[in-house]
Structures are given as C-alpha cells and as structure tokens.
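The lines below spell out each chain.
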Amino acid sequence: MQEVKLTVSYDDYENGIRMETLIRELAAKPEAGSLESLIIGDWGQAYENSPDEFMGTLIELAPSFPSLKKLFIGDMGFEECEVSWIIQTDLTPLLAAFPELKSFSVKGSSGLSLEPIEHAKLEELIIICGGLPKSVLASIARAKLPELRKLELYLGVDDYGFDGSLQDVLPLLEQGLFPKLVYLGLKDSEIQDEIAKAAAEAPILDQLEILDLSEGTLSDEGAEALLASDKIKKLKHLNLSYHYMTDDMLIRWKRSGIPVDVSEQQQSDEDDWRYPSLTE
Amino acid sequence: MTEMEENLQSPVKDSDMTLEQPLLLIGNPNNRRTLGLQEARQRIGLQPALVLPYDRLLKTWRRGGTMADAVQQCLEGRGTTHVKGEPWISSPASILYANHDLVHGVNSVPLIRLDAPGEEWEVERELLFLGAVNDVSPLIDGLSAGMIPAEQTLTLEQEWGRIYAPNQWFRGWKACLERIRHEALEYWPNARFMNDPHDIAIMFDKRKCQQHLSAHSVHVPPTLQSSEPIRNYADLRTAMKTAGMNRVFVKLACGSGASGVVAYQINPRTGAEIAITTVGMERVQGKVIFYNEGRLRKYTHTSEISALMDWLCAEGAQIERWMAKASLGSSVFDIRQLVAGGQAGHAIVRLSQTPITNLHLRNERLLPAEAGLDEQQMDRVQTTAKAAMAAFPNSWSAGIDVMLSGGTEPRAYILDVNPFGDLLYRVQHNGLGTYEWQMELLRKEPYNHD
C-alpha cells in the first residue's frame, strides 16, 4: 500500500514550513491519485497549534486523493509533543470529506470532538490519547458506522482528560451498536479493573474475536472476572499486555489455555500507584 | 607457561624497546576498563600497560608526594596486574617508565592513558577531598551549600546512588587532571597523553564542551541563551520564556551517563510542566538529597521541579534545546560512535521509549545494521563524530554521542563527548573489540600529535 507521512519538525516550523504547504505539494504530485494512506505527523509545535491550521486545505484537496483508505491525524512521538499536550480540534468534517475512508486514527484528545460520527464505509476507528473525554465516548456510542470492525480507544487518566467513569464506557459494551465489530479495545485506562469486570460478561463478547484491555492498570481483581467468564474463553485473542497482575495470576492464565498476551508485567510504585502505559 | 607468557616475563631487549611505546595507564585497577585494556594488549602481543591506580596517586598527593613517587611505588611493588586471574608481571616493561635515561630515546617516551576514575568509592572520596581543598568559590548565593568539608570527605560512607556534591567532585577531578598533566611533563618532558588532560576537563564539562564544539562549527543543540546567569528555577523559567524555548534538557555539567539529566518542558498554553529524569529526591532532616535512580521519574509539581532545578543550576548545568531525535518505530535513538586516531570505529544505537537514551536500564542497544540505519545516516553520524573529535587535536579517542534529527532533512548533532567512552560491549569493528582496535591502531601508527 502506498503510504505517505507528512511531518513538520521543530526546525521546519521555525523556518516557516507549514503542514498546509506539505499537503498542497503532495496533492500536486502524480502519485496523489493512488495514495492509499496518509499520515499527518507533527504539524509543528502541536502543543500550541491545532489541526485547524491545515484541515481546511486537506478537505479542499480531498478530491486529489481519490484512493485514500487510511487517514491518521497526529502521529507524533513524545520527542515531538507529549500526547496529552497535542491540541486536536473538531475533526468531524474529515469523515465527510473522505467517504471512501476505511481507517481513521487520531492521536491526542485535547480539544477533540467528533459529532456526529457517521460514515458508510469506515471499518477502523482508533483514538490514542492520555485521557479520552466523555463527550467523545458519547459521540462514539451514538455513532453510525455500519461497517466498523475495529474500535480501539485509549481511555487514559483523569489528569489528561478522562473526565468520565465506567458509566460512560458501558454503552460501548452493548451488543448491536456496531454489528460488524470484531475487535474492541478499551485500553490504557486507570479504571481497567472496572472495565474488565464489566466486559467479562458483556453481551458484545459474543460478536468479538479480539478484546484488547492492554496498556492499563489491570490487576488480579479484573483478571479474576475475566478468567471466570465463559465468553472470554471463546475469544480468538485477549490482549492484556502491560498490566499489574501477580506472578500467580500469570500462571493461572498460562494454565487456562486462553490465547492471551500477558507480557509487560508492571510493578506498582512505592505508594502503590498504578499508571496506565501512556501516562508514565 | 605459554610461549607468550615466557616472552613477556623475559627481559625486554633494547631493540624491542625501540619498537614499542610503553603505556602508562592511570585508572582503577582490576575494573572492566583496566582489565579490558590489558587483555587487549596481551591478545595482540603488546607489553602490558603499567597501571597507576587513581587511589594510590591521590593518596600519595595527600601525603605530600608526587606522581613520580606514586609511579615509583608501583614499580617497587612490581606492579603486578592480573589478567584472567593469572598474575602478570609487568616489571620488565615497567623498567622503561622509571628509567630516566630513556626519556631521550625517541621511541621510549611513555604514552599516558587516563581512564575513568568512577565507580571506586575510595577515589570518589579523594576527589571530593581535593575539591574541598581547591575550593576558591566565595561562600555566597548558597553555591557552597552542598559542600562537604575536607575533613569529612575521607570518612564519608557511601549511600548507594547518592549524588555527592557534584561541583565539588568536579573541582577535585579538574585539579587532579591538571596536576597529572603538570607532574607528568615534569617527570617525562616528552611524555604524551592519549587524551590531553586539558581536553578531558573540557569534554567533562558539558557547558564548555558544547561551546567548544560550537566554536569549531560542529553542530550541537542550541544552548539556552540568557543575558543573566541562570542560578535557579525562577531564572530558568524566565530564560525559557524570553527565548521562546519550551523544551530543554538540563544536564548536570559534569555528570556522566544519564546522571543528572532532565528532559524538561513547559506547555506555553496551559502552563503545565513536566520533568523527566533519573534523579530521585528525598528530604532528610529538612535537607533535600539527590540520588540516581535506576528508573525514570516524572515530576509535574512545581515544588518538586523547582527543588530539582535549583540544585542543578547551583551545581552547574548545561541547558540546551531538547531536540526531537529520529525514531525507529515507537522508540527514539541516538548513537554512541567511537572515534580513535581520526577513524570512526565501533557504533552502538541506543533506543529508548523515553527522552533519555543513555539510561543503562531497559533501553535497547542495537548495532547500526540491526537497527536498519542506512549508509547515508551512518555517514552523517560518523562525519559529525569525527569533526567533534577533530575539535580536540591533542586528544586521540572518545566515545561520541550523536543524534539525528527528524524532519525533512535530518542533521546530526553532537550530544556528548566522552573521553572514556570506549567501554562498549558486544560490538566489534574489523573483528576487534574497542580496546583491541585502539591498541592495533596505536601499534600501526605510533601516537604522534605533531
């Protein structure tokens, strides 16, 4: 697949280079017509500047990218911007501008909104952030995405924007919301145990192949509920990587025969605090 | 007894002496560095270096003696060194060092290699002592708040990981370097240093080193400029604001490795701040003590960050722009490039999921080929590393830390010049380890700065 990543480094930005310009240059190239994946990386000092700087241009030039199937807004590392500091914006218009899109990824949740989420062909929605606002969770729970197969959400922590509770996550565990969903990721959460307990017997498991509860603060408490569930046993894969389970629990997982990833065991710190992966 | 051992222990013939320049190694005996070097010399058939332990040198000085006395003691003690558990008599070779007549022979001028003084508590204490007696700083501005009085230094008990008065230590280390240089040249006027002690003092001081490199047109991350000296956290905030620099590295000027390095950033929009570092802090009897932790700490409270920055600024810190390093997958990386005799040798790619790549714990290390770095990238790294080394024409070898920037046109920047940066494991260049390679180079091209 033909993929392009556009990045405005610190030096580039200081030298006056803007994401808008890079998008225009890309759109003017002959290969734009066959481009399938576009990754918008750092747009320059993303802790101060939002995608509003270039979104209008991207929407205007959408017809130059007729083959685009994947779009990622904000693929940047900690060396470029702390994930919780990335300023996002209302990205809803992008969904309408790219009706052929199959995969949409976003990094950063500060200022993020997606309302309404409607797309006839989208199969994959991924939001990576330090803390997902409950308003976005609510938008997803109302979304109309008939083709959605994979939903992966980093829920994060209070400090970085997760202003919700389990109540805001529960609607995503209801069956029938996304009829074709086979991969559900509710991860990187500071309430990972609560989510695990709620997910263990959730009706949605009957349609899932993969449940991803990785990167969060999962401990033996949440693990007990998962192990006790018959629905969990039917999954093709359970991702619990990056967790705070004990050695004893890891042995029990091994004996269970369930296809589970329990790598990256963490130790709680001296005050017995447990942190999700993306907030460390 | 093998043939090699027999040869080593038999008297060295005059003709042999003219072929090989004797090496005086000032270091800590029996550590990985000294043993590594001696093993390398043995393997390629060079005479063992005469080892002058820092501990002995510093104690001799404290008791009123000179470096010559310390060397003499080593010779009288027959200077046995151990290689792989076998006593290895270095006396035949060491005659060379003591024989004053030989200083007139062109090829018998001793070459002196200084190695790292670290990881030896007795030596640390002696350097702190030397730093106390060489203190000329006025007792103002709380600059000497962290000072340990001379009489207390020698009985100091080590608390694991604690960072003791780094500025005082550095003063002691600089005094040590200066005195070694002075006395060595007095003793052997034609002596040569592999790395000049003056240069080592500059390389060790991150402030001076970056200025020095910059003055020699070598790319380094820009230093945070300020019209006023940055003496504390408040000054730092002001300087960052004035310069519009929201992300900086604050580095203890004389720290080695990841010790005393802080990746610090301020969110200009929200005012939030984050400091990522290996420095741990603890309040003991109303006083904050600082130590190296094996893991990263993330400070977000102003009270903690200000305590950390006040201390770093008082002890002396290099403050430079935190430049985004190039990435491989979800990791960023930089490269430790060994340069010796003008040639780029061993290289190690240091990957990290954090801004601090030189943390020994957990971070992954790969060979450039394993990491998938292409020829163009390595060429850029090596050219820049060699340029950095060339800025020190009186020094021969260093481990140079180089980063590549991200963006459309990646550039190489020098992060650190480590005069003792040749202790690298599991990496070969032309089939040789770091010490063997350097000794081979020396043998082929006898050391000559001129």
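Residues numbered from 1 in each chain as written. Chains lettered and ligands numbered in written order. Predicted model: local features only at pLDDT ≥ 70, side-chain atom pairs only at ≥ 80, totals over all residues. Heavy atoms only, no water.

**Points about the overall build of chain B**
When you go through chain B residue by residue, the secondary structure sums to 16 helices and 17 strands. Taking all contacts inside chain B whose residues are at least 6 apart in sequence as the whole, residues at least 24 apart take part in 66%. As displayed, chain B offers around 19,900 Å² of accessible surface, 49% of which is attributable to carbon and sulfur atoms. (Helix = DSSP H or I, 4+ residues; strand = E, 2+ residues; numbered from the N terminus. Contact = heavy atoms within 4.5 Å. Areas by Shrake-Rupley, 256 points an atom, 1.4 Å probe, with all protein chains shown as cover.)

**Considering the environment of R283 of chain B**
Among the structural elements, R283 of chain B can be located in strand β9 (residues 273-284). Here G286 of chain B takes part through its backbone oxygen, which lies 3.2 Å from a polar atom of the side chain of R283 of chain B. (Polar contact = N/O pair within 3.5 Å; in protein donor to acceptor, adjacent residues only side chain to side chain.)

**A word on the pairing of strand β17 (residues 412-418) of chain B**
Residue and element names in this part refer to chain B. Burial within β17 is extensive, with seven of its seven residues counted as buried. Sheet topology places strand β16 (residues 397-404) next to β17; six bridges connect them, and they run antiparallel. Across the sheet, the residue bridging to D401 is D416, located in β17. (Buried < 20%, exposed > 50% of the residue type's maximum accessible area, 1.4 Å probe, protein only. Pairing = 2+ DSSP bridges.)

**A word on the packing of aromatic side chains**
Applying the stated criterion across every chain, the model contains 14 aromatic pairs over all chains. Here the aromatic rings of F170 of chain B and F204 of chain B are separated by 6.5 Å at their centres, their planes lie at 25°, and the arrangement is stacked. Here F170 of chain B is found in helix α9 (residues 166-187), whereas its partner F204 of chain B is found in helix α10 (residues 197-204), with 34 residues between them in sequence. For F204 of chain B, a relative accessible area of 11% translates into the label buried. Through pairs of rings, three or more aromatic residues link up here, namely Y54, W169, F170, W173, F204 and F420 of chain B. Looking at K150 of chain A, its charged tip hangs above the ring of Y183 of chain A, at a distance of 4.5 Å from the centre. Residue placement shows K251 of chain B over the ring face of F249 of chain B; its charged tip is 5.5 Å from the ring centre. (Phe/Tyr/Trp six-rings, centres within 6.5 Å; stacked < 30°, edge-to-face > 60°. Lys NZ or Arg CZ within 6 Å of the ring centre and 35° of its normal.)

**Description of the interface of chain B and chain A**
A common way to report how large an interface is uses the accessible area buried once the components associate. The partner chain A presents 19 residues to the 30 residues of chain B that form the contact. When chain B packs against chain A, close to 1,900 Å² is buried across both sides, 48% of that on carbon and sulfur atoms. Per-residue buried area on chain B facing chain A is highest for R247, R269 and K298 of chain B; these three make up 26% of the total on that side. Our enumeration of links across chain B and chain A arrives at three salt bridges. (Buried area = accessible area lost by both parts, 1.4 Å probe. Salt bridge = Lys/Arg side-chain N within 4 Å of Asp/Glu carboxyl O.)

**Things to note about the pattern of salt bridges**
One pass over the structure, following the stated rule, counts 44 salt bridges over all chains. Between K251 of chain B and E320 of chain B there is a salt bridge, with the nearest N and O atoms lying 2.9 Å from each other. Of this pair, K251 of chain B sits in strand β7 (residues 247-252) while E320 of chain B sits in strand β11 (residues 317-321), placing them 69 residues apart in sequence. Taken together, the salt bridges that share partners define one network made up of K150, E152, K187 and D212 of chain A.

**A word on helix α5 (residues 67-76) of chain B**
Think of an α-helix as turning once every 3.6 residues; residues three or four places apart then point the same way. All names here are of chain B. Regarding α5, the residues found buried are M67, A68, A70, V71, C74 and L75. What you see down the axis of α5 is that its buried residues fit within an arc of 160°, all on one side. Its side-chain oxygen placed 3.2 Å from the backbone nitrogen of A68, T66 serves as the N-cap of α5. (Arc of directions from axis to C-beta.)

**Regarding the sheet that holds strand β1 (residues 23-27) of chain B**
Residues and elements named next belong to chain B. Ordered by their spatial adjacency, four strands build an open sheet running β2-β1-β5-β6, and the pairing between neighbours is parallel. Edge positions in the sheet fall to β2 (50-53) and β6 (192-193), since each has one partner strand and no second. Alignment of β1 against β2, held across four bridges, turns out to be parallel. Counterpart to I26 in the pairing with β2 is L52. Each of β1 and β2 is contacted by α5, which is oriented at about 125° to β2, the strand it contacts most. (Axes fitted to C-alpha atoms, helices over the stretch in contact; angles between N-to-C directions.)

**Concerning a negative patch on the surface**
Together, D158, D159, D163 and E190 of chain A line one region of the surface with negative charge. Relative to the helices and strands, D163 of chain A is located in the loop between β6 (150-156) and α6 (166-169). (Patch = residues over 30% accessible without salt bridge, like charges linked within 9 Å, V, L, I, M, F, W, Y side chains within 5 Å. Lys, Arg positive; Asp, Glu negative; His and termini not counted. Charge placed at Lys NZ, Arg CZ, Asp CG, Glu CD.)

**A look at the packing of helix α4 (residues 54-62) of chain B against α9 of chain B**
Packed helices, taken two at a time, are described by their axes: the angle between them and the distance between them. All names here are of chain B. The geometry of α4 relative to α9 is characterised by a closest axis approach of 12 Å and an angle of 85° between their N-to-C directions. Overall, the two elements α4 and α9 adopt an arrangement that is roughly perpendicular. From α4, Y54, L57, L58 and W61 reach across to α9, where they touch W173, C176, R179, I180 and E183. Classifying every residue of the contact of α4 with α9 by side-chain character gives seven nonpolar, no polar and two charged. (Parallel < 35°, antiparallel > 145°, perpendicular 65-115°, else oblique. Nonpolar A, V, L, I, M, F, W, Y, C, P; charged D, E, K, R; others polar.)

**Here we look at the pairing of β2 of chain B**
On β2 of chain B, burial covers both faces: L50 and L52 of chain B on one face and V51 and P53 of chain B on the other are all buried. Read as a crossover between parallel neighbours, the route from β1 of chain B over helix α3 (residues 32-43) of chain B to β2 of chain B is right-handed. (Right-handed = clockwise from strand over helix to strand, strands pointing away.)

**A look at helix α11 (residues 206-215) of chain B**
All names here are of chain B. Turning to α11, its buried residues number three or more, namely K206, C209, Q210, H212 and L213. Buried residues of α11, seen end-on, are gathered within an arc of 160° and therefore sit on one face of the element. For α11, the exposed residues lying more than 90 degrees away from the buried face are Q211 and A215. Tucked into the core, α11 has its buried residues touching α10, β7, β11, α15 (375-390) and β17.

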